[in-house]
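Here is what each chain is made of, one letter per residue.
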Amino acid sequence: MKSLLYKYRKFFLVLFVFSAVTISLFYSALKPKKTLPIFNPADVNPELVDSTMQYKSKYHTIADFSFVNQNGDTITQKDYDGKIYVADFFFTTCGSICPKMTANLADVQKAVLDNPKVKLLSHTVFPETDSIPVLKAYAVKNGVVDSKWNLVTGDKKEIYTMARKSYLAVKLGRPDQLYDMVHTENFILVDQKRRVRGFYDGTKKEDIQKLIEDINFLCTE
């Protein structure tokens, strides 16, 4: 009798383990896998996109660029080839959202500091005032690591073109000022193939956490 009871217990234990494993496998197979969208101009608020690009619904990538960073070095797309990077637009005298955005981007820098696959790129929307020395002082003040994070300036028309035609992230400024821009709180996540993969509110901690998670995801995609 005891032997029979032992066999029943053993049978039910094996059945339970088998059922648990089977359910777990089915759940894993049916559970949606994490994905990140690929953004094109047609997917984004038209206010943030140049009118010549708003129709484009596929194959959008970041264009080649050439700017100068806080150390006076020329930074081009080649410096970001094969990298995942976060781009944004700011100006050093901004007293509203910029300090919070910069502090949050510094947190992103800290999270990716030892990851050679990831870099950061911040563009000034006021290149007429944000000179190289001004950017350098701002970089030092905010703990920018030169090898990881470039603060860049350059021709305003070129910055405008990148903001509106590539990164899809900056609003028009005053109509009477050609190439005037109003920067937004957006952080833009770009993948290794120059594709826009996400937009994040640079003033919100929860968005920063999601950005870091999505960066890590792209590193394994």
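Per an unreviewed UniProt entry, the chain carries the name Cytochrome C oxidase assembly protein and comes from Flavobacterium hydatis. Word for word, the UniProt comment on the chain under Sequence similarities (unreviewed entry) is "Belongs to the SCO1/2 family."

Next up on the list: the overall build of the chain. If you tally the helices and strands in the chain, you get five helices and nine strands. Each helix (α) and strand (β) of the chain, taken in turn from the N terminus, gives the series α-β-β-β-α-β-α-β-α-β-β-β-β-α. For the chain, with 221 residues in total, the buried portion stands at 42%. Across the chain, contacts joining residues at least 24 apart in sequence account for 69% of those joining residues at least 6 apart. If you sum the accessible surface of the chain, you get close to 12,500 Å²; carbon and sulfur atoms cover 60% of it.

What follows is about empty space enclosed by the protein. Applying the stated criterion to the full structure yields one cavity of 30 Å³ or more. Approximately 30 Å³ is the volume attributed to the largest cavity. Around the largest cavity sit Asp88, Phe90, Thr102, Leu105, Ser122, Tyr138, Trp149 and Leu151, which together line it. Mapped onto the lining of the largest cavity, the elements with two or more residues apiece are strand 3 (84-90), helix 2 (98-112) and strand 5 (149-152). Its residues placed into classes, the lining of the largest cavity shows five nonpolar, two polar and one charged.

Rules behind the numbers
Residues numbered from 1 in each chain as written. Predicted model: local features only at pLDDT ≥ 70, side-chain atom pairs only at ≥ 80, totals over all residues. Heavy atoms only, no water. UniProt positions renumbered as here; feature names shortened; annotations may be inferred. Helix = DSSP H or I, 4+ residues; strand = E, 2+ residues; numbered from the N terminus. Buried < 20%, exposed > 50% of the residue type's maximum accessible area, 1.4 Å probe, protein only. Contact = heavy atoms within 4.5 Å. Areas by Shrake-Rupley, 256 points an atom, 1.4 Å probe, with all protein chains shown as cover. 1 Å grid on protein atoms, 1.4 Å probe; cavity = no way out; pocket = protein on both sides within 12 Å on 5 of 7 lines; lining within 4 Å. Points joined across faces, edges and corners; volume = space filled by probe spheres on them. Nonpolar A, V, L, I, M, F, W, Y, C, P; charged D, E, K, R; others polar.

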